[in-house]
Every structure is written in structure tokens, then in C-alpha cells.
Amino acid sequence: MTTENPADTFPRQYARTLRYTVGAPRSFTVAPDGSRVAFLRSGPGSGRANLLWTLDTATGEERVAADPAALLGGGEEHLSAAEKARRERSREGSAGIVGYALDGAAALAAFALSGRLFAADLAAGTARELPAAGPLLDPRPAPDGSHVAYANTAGELRITRTDGSGDRALATPERPGVTWGQAEFIAQEEMDRDRGFWWSPGSDRLLVARADDAPVQRWWIADPANPASTPAEVAYPAAGTANAEVTLWLVGLDGTRTEVGWDREAFPYLARVHWSAGSPPLLLVQARDQRSQQIRTVDPATGATELLVAEQDEVWLDLFPGVPAWTPDGRLVRIADQDGVRALLVGDQPVTDAALHLRSVVSVTEESVLFSASAGAADQELPPGWQGLFRAGADGVRPLVAGADGAASAVHAGGVTVLATASTERPGTTVRVLRGDTELATIASYAETPLLTARPLFRFAGERRIPAAVFLPTGYDAGRDGPLPVLMDPYGGPHGQRVVRAHNPHLTSQWFADQGFAVVVADGRGTPGRSPAWEKAIAFDVATVTLDDQVAAVQALAEEFPLDLGRVAIRGWSYGGYLAALAVLRRPDVFHAAVSGAPVTDWELYDTHYTERYLGHPGERPEVYRSNSLIEDAAKLERPLMLVHGLADDNVVAAHTLRLSSALLAAGRQHTVLPLSGVTHMTPQEQVAENLLLLQVDFLRSALAG
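Predicted model, so just to flag it, every value in this text is computed and none were measured. (Residues numbered from 1 in each chain as written. Predicted model: local features only at pLDDT ≥ 70, side-chain atom pairs only at ≥ 80, totals over all residues. Heavy atoms only, no water.)

A.B. asks: Quick one: what's the story with the sheet that holds strand S37 (residues 457-461), residue by residue and with numbers?
C.D. replies: One open sheet accounts for 8 strands, arranged S37-S38-S40-S39-S41-S42-S43-S44; its pairing is mixed. Here the strands that pair on one side only, and so sit at the sheet edges, are S37 and strand S44 (672-676). Mean inter-strand twist for the sheet, computed between neighbouring axes without regard to direction, equals 20 degrees. Relative to the sheet, helix H9 (residues 575-586) contacts strand S41 (563-573), strand S42 (593-597) and strand S43 (641-646), its axis offset from that of S41 by approximately 140 degrees. (Pairing = 2+ DSSP bridges. Helix = DSSP H or I, 4+ residues; strand = E, 2+ residues; numbered from the N terminus. Axes fitted to C-alpha atoms, helices over the stretch in contact; angles between N-to-C directions. Contact = heavy atoms within 4.5 Å.)

A.B. asks: Let's hear about the packing of aromatic side chains: which residues, and what values?
C.D. replies: Enumeration over the complete set of coordinates arrives at 23 aromatic pairs. When the ring of Phe10 is compared with that of Tyr20, the centres are 6.3 Å apart and the planes differ by 25 degrees; the resulting orientation is stacked. Placement of Phe10 in helix H1 (residues 10-16) and of Tyr20 in the loop between H1 and strand S1 (26-30) is noted, with a sequence separation of 10 residues between them. Residue Phe10 is classed as buried on the basis of its relative accessible area, which comes to 6%. An angle of 45 degrees between the planes, with centres 6.0 Å apart, marks the rings of Tyr491 and Tyr575 as tilted. Taken together, the positions of Tyr491 in the loop between strand S39 (484-488) and helix H6 (507-514) and Tyr575 in helix H9 put the pair 84 residues apart, joining distant regions of the chain. The exposure class of Tyr575 is buried, given its relative accessible area of 3%. By way of ring pairs, the aromatic residues Trp316, Tyr491, Tyr575, Tyr578, Trp603, Tyr606, Tyr610 and Tyr614 are connected into one cluster. In this arrangement the basic side chain of Arg257 is found over the ring face of Trp180, its NZ or CZ atom lying 4.7 Å from the centre. (Phe/Tyr/Trp six-rings, centres within 6.5 Å; stacked < 30°, edge-to-face > 60°. Buried < 20%, exposed > 50% of the residue type's maximum accessible area, 1.4 Å probe, protein only. Lys NZ or Arg CZ within 6 Å of the ring centre and 35° of its normal.)

A.B. asks: Before we move on, can you summarise helix H12 (residues 655-666) with the specific residues and values?
C.D. replies: Between its terminal C-alpha atoms H12 stretches 16 Å, which fits the 16 Å expected from 12 residues at 1.5 Å a residue. Among the residues trailing H12, Gly668 stands out with phi positive, at a value near 70 degrees. (Expected span 1.5 Å × (residues − 1).)

A.B. asks: Could you give an account of the pattern of salt bridges, naming the residues involved and the relevant values?
C.D. replies: For the coordinates displayed, the defined rule picks out 37 salt bridges. Between Asp329 and Arg331 there is a salt bridge, and its shortest N-O distance comes to 3.1 Å. Assessed through its relative accessible area of 40%, Arg331 is described here as partly exposed. Where Arg586 meets Asp633, a salt bridge forms, and the shortest distance between an N and an O atom there is 2.6 Å. (Salt bridge = Lys/Arg side-chain N within 4 Å of Asp/Glu carboxyl O.)

Spelled out as C-alpha cells, the structure:
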């Protein structure tokens, strides 16, 4: 790690380094024979632009396989609107090579730069451009390395030969709004499926998603600061409205096309596709209400599907990374909630129990299944925020990493594991390359060292044992300084775990603490990592449950820490922004000021897959939508509230904040609105991100002083 620019402040450094991710290695892939590891990392002096690297596992030598500056001749990178949207969906703020895919031997890498197609020979360390009809998206080599398939902004799926001898279309849209080989908005944003095509193991055909967004309503996102610019058209499937129509096709390299059949009326969501050697392709398809789903096998000859597993849940069914999948000997691997436990199942037999709460499957080999898990409800010994890696094999379930402190992730193939571990004791992440228990190499990080040190104090708060972290000002002395104003700093909702056993995720909370606050981060019910019942407690009432747990956490922690409960503020972004505004609207007796960033204020304006999972269909449960809306509570505001929103946000659109502001104005309630011109949901712009922190501190100090 390095420290640069002595004139930096923490907000400036934090923004410039994209939360200290610039220079950190990421996106690891291990070759099937274990001979090399491919990864992305920006180099010293390359700024936010990632290079493609390889590491030789025999020697530990790192080598650049592709440098975007050299490939583009020093020219600037130009992104299509489709690529910008794709990066927004994946919260990708870096530049250069932001993704790549390998052939079956991990000898050839394909990637896009400025909408052009490039391929790198990982053994030789050379890269070249291939003919392609761009701007293109998501290039992926065939397993045998003979072709690269890709989607483009014209909606086509195309292939090009890696010897440079030809490029042609395999599927072309029949009309505007149709795309081949691209994941639709809802799959990218909410299903964690960013792919739209999958190669066969034999490299002779592909499974290809066709998405038709003609049924989806159109929204128009303008740039009010530049009235001459044309508003962007967005096909946005808001709760209760139509989704894109998604079908799946077997497409041969000879142009033949066969539709894959299942009951799309009953199961319209195509959530997962898996195609590995020796087994038929797998599909996971979901009902719109997400309370039933099917895992089906596909006959590659006819496109017919057969039911393998039917799953149901009276609340909802979650989707998990890495599953469903096959073991090499043909057993199904999946994660399921059974008897109150989220367990790993191999061949329909649970191999984990209530001691672990499954998070994802990392790899499946002949010997074992590697998976990540946090402590289950039955384990009261491990501290808040712990997450570990485990192997399930013939000898049972064994931890891959010993110790309770830290957060770990991994990739594995060919007997080699790339293990990334974070700890509260040090900044950043340490990446080790292992063969069994033997360390082969450590992959260097060029990430800057933060200008401050996070000091989280972890607790289980109150009777519900709410995972929490408390931050006090550096050098704070209770006897000298007395009770502190409190800043709640939650996300507090689905998919967003904030209390983790790592250093860097807590830096902003520590910075706010160093401005004179006692900062509390609490992961109440609805947040991941505890138990199915914990996550599903918010069904049809996200507002009451998540807010109650923030109140319970701060009141319980005040019994131990110097919290001045007469001066409590709350800040948050996205769901955290919703929770912050909700807090001052519904519990002004507890919360005295709020900063609400990009909040969902009217759930009928948010997307189908997310919103209907938690609140149901608005046509069937209108009262649920009303009771969880902030608009309905506008007249209750009696505390200072700052609303912040990017006007270019196409995830939580600015209409959310504008509608709440209009309702507050109609009710005669004072409030502050900070519109961010040209800013999306991510706020990656350096000056914006830096100044947002400073403006929030000024607002909160002033609000609590009054």
C-alpha cells in the first residue's frame, strides 16, 4: 500500500481513490490446471484505469497481460450509453479493463475497451484487437478459444473468430426494444445476473437470452442544468407494472435457433443459467411473487426442459451466488431455507446445520464444495459481522480460514485458491495464493493507505442482539469530554450488511466520529447474514421493523457508551436514505435531524423484483404501499431534514425526493433539498463525493446545536 498527496484530507482521498479500491487487486480467476491467476488492478500512476495481470503460481511472478493505455494508443476511453448503464447496475466506478472472460484453459482473455474488442494471450503476455461490430458489451470466449461471442448496442449477439478471420451476427433484433445476449435491467439491478449468454462446453452453440422491453413503461430522465440536452429514455419496470419479456434460445454457430421452453406465464423471471461439462444445462426460473421457483434441466437437442426441483416459501425465495450448479459426478448443488436454517444442499442432502448461515457457493470440484457463510442463529460465540469460508467434502465441513476476526472471500480451481482476507486490525485486503495450506504468493496491492484508522467497537445490542458497531472520536476521554451527540449511520435494509469484521468499510463512520460524534452502525432485521427469519421479518412492513431496530440499538448501546440521547441524528443513502427520513418523520422523539440521500419515498416508483418481494404487488396490497410510504407522513415532519439526490439517478429516480419535497412544502414543513446535477446513484465524481461529506457534517452540527 502507498500514501500519496500530502495535501489530502480524508474526504478528498476517500473520493479520489473510490473508497480505497483504486490499486487494489480484484476479479480473480484461477486456471483449471492451477498454473496461473488472472486479475485486474490499476498500476502505480495509472489512476483509476485497471490493467489485466497474470500471476505465475510456480514462480509468484506478476506480469501485465493487457494495458489499456497501450491498446488505445494513449487516447481517451469512450463509453456507450449501454456500457455506462451496465457499469451503473454493477456499481462500477473504475476505468480501463473493468471485466474480462477466459476460455476453458484460461489461456485467452477477452475484454472490451471503448466499445472495441480485445483479446490477450495470457501465456505470451500479448494483446491485440479483434474485428467486431461495436460498441460492444460483455465479450466471452468459447471454451475451446476459437471464437469470442459478444453483444452490442444494436441489440445483436455476434461472434468473431480469434484468428481475426471473420465476424458475424448470430441473432439480430427484429424490432427496436429487443436485445439478444444482454441481461435486462431487472436482472442486472436485482437478480445479480449480468450475463445474457452462455457457451456450451463443446463450443458449438450458446444459450442466449432474448429480452423485449416493449411492454415496459418509459421514463425520461432529463438534465435540468443543461436544458439543451435530450432527456434519456429509460425502460423502468416500476412495482405493479410490466417487466421485459425474456425468453431463452439455443443458438448454434451455424445459425440454427431453438427456443427453450418452460411455463413463462407462471415463472417469468429467468434468474440463473448454468452449463457445465458432462451435465445438462440448468435454469432457475421464478414466479413474479418470488414465493415459488423451479430448477429445470434443458435438453440441448430440443430445448425442452424438465423439472428437477420445485421450491416454495410463504414469504419469499432468495437468489444466491454460485447456485444452482452440478458436481462433476452429477449431483445438484443449491442453497435453501429448511426448518429455519439456510443450508447448503448437495444431492438434496443438507450438509450444513444451524451453526452456519449460507451466503454463496464459491466453487464446486470433484473433492469438495467451497462456500461462504456467516454465523447461524445457533452460534452465540462468534462476534458480530463475522464471515468465513468452508469446504464441504467427504470428511464433513471444515473451515478454510481459522479465526473469528476478519472477512474472507475466495476463488478456487486446479487445486489453487486465491484467498482475500480483511481485518479490523489493518486497512485493505490481503490476497494470498494457496495450494492446500501452502502459500505460493501474495498479490500486491497499490491501494493508498487511509489517512485515518477506523476503530469499531462491536456489540450485540439489546434483547434482539442486533449486530452493531460503535465509533468514538480518536482520543476521546469520557471523563474529560462528556456525552457525545449521536449519529446513526445505517443502511439497515435488504442486501446491505454494514457491520463487518473489516477496516475499510468503517472509515467514513470513523471520520464522522472524529468530527465530534458517537457514530452507531446497526444491522437490524431485514439485513443479511443472520438467519432466514431475521431477513424475512420485514415482509409487508419494511418501515416499522427496520426503524424499530435502529431505535432499539441506540437505546441499548446508550447503557454502555457515552451517547447523548437528547442529540441523535441519522444519515443514510438509498435504503439508508429511506430509513433516515423515516426516522425523523415517525420517531422525532428519538431522532432530532436527518440527512437522507437518494431515498425511496414512494415504493410504487421502485422496481418490480425488489419491491414486490418485500411488499407484494401494489394492486393486491395498496394499503401496504401506503403504510410504507414517506409521502403519507410528510405533514409529521418537525425535525431538520436534508434531502440529497442525483438528478441522473436511474435506479432511485429523483422523482422520489421531489415528490417528498412537494408533500413537505404542501404541509408547510421546512426542509433542505440538495440536487446533484449529472450525478447517478453512485456519486463517483470526486468533488461531489468529497463535498457531500463536508456539507453533511455542517448540516448535522447546526441541526443538533439548535
